[in-house]
Amino acid sequence: MTPADFGRSHPGYYDKIKFRWCEVSNKRDYYEVLGVEKGASETEIKKAFKKMARKYHPDLNRDNPKEAEAKFKEVNEAYETLSDSQKRQMYDQFGHNGP
């Protein structure tokens, strides 16, 4: 079966793959999200995370909770990756797309 045949027998398959790729590539750089340099220490990352988490916590942003929640999740995702040395190494090497 050729790729063209596969695409015809599975309508929408390539659209789903393209959508996933676009979704992943639109993420901001985790270092940018936390406002730290790429060579930042664990202490600097933790301090930046606490500052950004407080800034965007939905309970503290009652005027725009939806936007605050989205940014809060982005900050948490960035911290989850950069605070773990193995995940950080993979992120530094491959970015959001992973291996």
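Here's what I pulled together on the structure shown here. (Residues numbered from 1 in each chain as written. Predicted model: local features only at pLDDT ≥ 70, side-chain atom pairs only at ≥ 80, totals over all residues. Heavy atoms only, no water.)

1. Examining the packing of aromatic side chains
All chains considered together, the criterion is met by 3 aromatic pairs. When the centroid spacing of 6.1 Å and the interplanar angle of 45° are considered together, the rings of Tyr31 and Tyr91 count as tilted. In this pair, Tyr31 sits in helix α3 (residues 30-34) while Tyr91 sits in helix α6 (residues 85-94), placing the two residues 60 residues apart along the sequence. Tyr91 carries the same exposure label as Tyr31, and that label is buried. Where Phe49 meets Tyr79, the ring centres are 4.1 Å apart and the plane angle is 15°; that geometry is what we call stacked. (Phe/Tyr/Trp six-rings, centres within 6.5 Å; stacked < 30°, edge-to-face > 60°. Helix = DSSP H or I, 4+ residues; strand = E, 2+ residues; numbered from the N terminus. Buried < 20%, exposed > 50% of the residue type's maximum accessible area, 1.4 Å probe, protein only.)

2. Notes on the nonpolar core
One finds Leu34, Val36, Ile45, Val75 and Leu82 to be the most contacted residues of the largest nonpolar core, which totals 17 residues. Looking at this core element by element, the count peaks at 6 residues for helix α4 (residues 42-56). Ignoring anything within four residues of it in the chain, the contact list for Val36 reads Tyr31, Glu44, Ile45 and Ala48. (Core = buried A, V, L, I, M, F, W, Y, C linked by side-chain atoms within 4.5 Å. Contact = heavy atoms within 4.5 Å.)

3. Remarks on the packing of helix α5 (residues 65-82) against α6
At a closest axis distance of 6 Å, the pairing of α5 and α6 adopts a crossing angle of 105°. Viewed along their axes, α5 and α6 adopt a mutual orientation that is roughly perpendicular. Two secondary-structure elements touch here, α5 through Glu80, Thr81 and Leu82 and α6 through Lys87, Arg88 and Tyr91. Counted by class, the contact of α5 with α6 contains 2 nonpolar, 1 polar and 3 charged residues. (Axes fitted to C-alpha atoms, helices over the stretch in contact; angles between N-to-C directions. Parallel < 35°, antiparallel > 145°, perpendicular 65-115°, else oblique. Nonpolar A, V, L, I, M, F, W, Y, C, P; charged D, E, K, R; others polar.)

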